[in-house]
Amino acid sequence: MFSPDQENHPSKAPVKYGELIVLGYNGSLPNGDRGRRKSRFALFKRPKANGVKPSTVHIACTPQAAKAISNKDQHSISYTLSRAQTVVVEYTHDSNTDMFQIGRSTESPIDFVVTDTVPGSQSNSDTQSVQSTISRFACRIICERNPPFTARIYAAGFDSSKNIFLGEKAAKWKTSDGQMDGLTTNGVLVMHPRNGFTEDSKPGVWREISVCGNVFSLRETRSAQQRGKMVENETNQLQDGSLIDLCGATLLWRTAEGLARTPTLKHLEALRQEINAARPQCPVGFNTLAFPSMKRKDVVDEKQPWVYLNCGHVHGYHNWGNKEERDGKDRECPMCRSVGPYVPLWLGCEAGFYVDAGPPTHAFSPCGHVCSSGPHMEQRWSLVARGCVPASSGSWAQLGTAGSLLGELWLG
């Protein structure tokens, strides 16, 4: 992504358009980030523009159309209307934009390889073997190379032959100005938050984005051939906090400006140390509790705080209170006798999800990830509506204090 000049002169920081973060992973994939397959992807200004824009339209079967499809140096989109008719739209180089492609394919045109999100952020061979619903060439993002570096999303991406092919069964149509447009099989959905990615954020309306970047209401079913109604007063421009649903994985778009206002990993580590410095105690075992380091985020530590999700009382781990009539999955809280799930508490390690750096006073059920209690909890769209940080949908519960457990910190 960096030019030789930038590599030789690190002080010349490249322009950053923003980042895409996959919901469902707390900072990295379960088996680690590798190459283009990772939990987050940063979009930087390319040394040389690689954007494209539509130009000539051909009606098949003509020599020009056949040449456009076979020419690997020519980007094109093919719309198959019937066995006897295909419309091919040629695309030419655009020196003012950079293009980034996202999809399940590991072929070279894909910049960010995204696979289905497994609930709980756990690797499971059985789940991985199920046929994916994410398109191999799911979508593309076009960023303006000049300020304000606007980023726009389009359904479908160009393959190794620089072609996008919409088959006979795909939803497609001719627009009022004579151009072609269409939708991919399972679609690319986008939701822009109201009031941005802030403490005052509210859920927006889910829309579908077409191959040409037009905005539509959702289809009756995910893969229906009949498109929704066009929403003319909305655009495909991404905003800070926009969610992108690829039917199997959901991405969060954060702008460079928005990321500059979020806590860093150093801030999160300082928060962890501040919590642990208070030396909270288990109200029953009287042992000191502590959140493990960020590097051991998925390993339950012996000092890890655990919470009863129904009442919010926090304890150290203990074996008593099992309810055999409930298959041992539920426990009875020794503080209030309420019965429910008993899970370890976890700190979020993905800084891009944070709206503020307030002390954690609440936890998500059923995963146990802790968060602050600010007004932004009303905009749980980024965590619960489409899956929590570990892809666990559910409610959230206030963590209840228990004697001297966490005192004024309210992490208990």
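In the block above lies the structure referred to throughout.
Values in this document were obtained by computation on a predicted structure and should not be read as measured data. (Residues numbered from 1 in each chain as written. Predicted model: local features only at pLDDT ≥ 70, side-chain atom pairs only at ≥ 80, totals over all residues. Heavy atoms only, no water.)

## With respect to the sheet that holds strand β9 (residues 151-155)
Part 1 of the argument: Spatial ordering of the open sheet is given by β7-β6-β8-β9, a layout of 4 strands whose pairing is mixed. Each edge of the sheet is formed by a strand with only one pairing partner; in this case those strands are β7 (112-113) and β9.
Part 2 of the argument: Two elements, strand β6 (residues 97-103) and strand β8 (residues 139-144), share 6 bridges in a ladder whose sense is antiparallel. Bridge pairing in β8 places Thr 97 opposite Glu 144. (Pairing = 2+ DSSP bridges. Helix = DSSP H or I, 4+ residues; strand = E, 2+ residues; numbered from the N terminus.)

## A few points about the sheet that holds strand β4 (residues 75-82)
Part 1 of the argument: Sheet architecture is open: 4 strands sit in the order β3-β5-β4-β10, paired in mixed fashion. At either end of the open sheet lies a strand with only one pairing partner, and these are β3 (51-59) and β10 (163-166). The average undirected angle you get between the axes of adjacent strands in this sheet is 20°.
Part 2 of the argument: Relative to strand β5 (residues 85-94), β4 runs antiparallel, the two being bridged by 7 bridges. The residue bridging Thr 80 from the neighbouring strand is Thr 86, located in β5. (Axes fitted to C-alpha atoms, helices over the stretch in contact; angles between N-to-C directions.)

## Notes on the pattern of salt bridges
Part 1 of the argument: As enumerated under the stated definition, the model contains 13 salt bridges in all.
Part 2 of the argument: Taking the shortest distance from any N to any O, the salt bridge between Asp 98 and Arg 145 comes out at 2.8 Å. A residue pair is termed long-range when its members are at least 10 positions apart, and Asp 98 in strand β6 and Arg 145 in the loop between β8 and β9 qualify at 47 residues. Comparing Asp 98 with Arg 145, the two get one shared label, buried.
Part 3 of the argument: The partner of Arg 207 in a salt bridge is Glu 234, and the shortest N-O contact between them spans 3.0 Å. Placement of the pair is Arg 207 in strand β14 (residues 207-209) and Glu 234 in the loop between β15 (215-216) and β16 (242-245), with a sequence separation of 27 residues.
Part 4 of the argument: Taken together, the shared-partner salt bridges connect Lys 16, Glu 19, Arg 40 and Glu 350 into one network. (Salt bridge = Lys/Arg side-chain N within 4 Å of Asp/Glu carboxyl O. Buried < 20%, exposed > 50% of the residue type's maximum accessible area, 1.4 Å probe, protein only.)

## Points about the environment of Glu 274
Part 1 of the argument: For Glu 274, the position within the fold is in helix α5 (residues 265-277).
Part 2 of the argument: Taking the relative accessible area as the measure of exposure, Glu 274 reaches 56% and is therefore exposed.
Part 3 of the argument: For Glu 274 and Pro 359, which are 85 residues apart along the polypeptide, the C-alpha to C-alpha distance reads 9.3 Å.

## A word on the packing of aromatic side chains
Part 1 of the argument: Under the counting rule described, the total for this entry stands at 10 aromatic pairs.
Part 2 of the argument: Aromatic side chains Tyr 17 and Phe 100 sit 6.1 Å apart centroid to centroid with 70° between the ring planes, which places their arrangement in the edge-to-face category. You can see Tyr 17 sitting in strand β1 (residues 16-22) and its partner Phe 100 sitting in strand β6, a full 83 residues away along the chain. Across this residue pair, the class does not change: Tyr 17 and Phe 100 are buried.
Part 3 of the argument: A centroid spacing of 5.1 Å and a plane angle of 35° characterise the contact between Trp 306 and Tyr 342, whose relative ring orientation is tilted. Of the two residues, Trp 306 sits in strand β18 (residues 306-308) while Tyr 342 sits in strand β21 (residues 339-344), which places them 36 residues apart along the sequence.
Part 4 of the argument: The class for Trp 306 is buried, based on a relative accessible area of 12%.
Part 5 of the argument: On the basis of relative accessible area, Tyr 342 is assigned to the buried category, the value being 8%. (Phe/Tyr/Trp six-rings, centres within 6.5 Å; stacked < 30°, edge-to-face > 60°.)

## Some points on α5
Part 1 of the argument: Here α5 spans 18 Å end to end across 13 residues, near enough to the 18 Å set by a 1.5 Å rise per residue.
Part 2 of the argument: Those residues of α5 that sit buried are Leu 268, Glu 269, Leu 271, Arg 272, Ile 275 and Asn 276. Taken around the axis of α5, the buried residues stretch over an arc of 155°, which confines them to a single face. In this structure, α5 carries Lys 266, Glu 274 and Ala 277 as exposed residues pointing more than 90 degrees from its buried face.
Part 3 of the argument: Arg 279 lies just past α5 and shows a positive phi near 50°. (Expected span 1.5 Å × (residues − 1). Arc of directions from axis to C-beta.)

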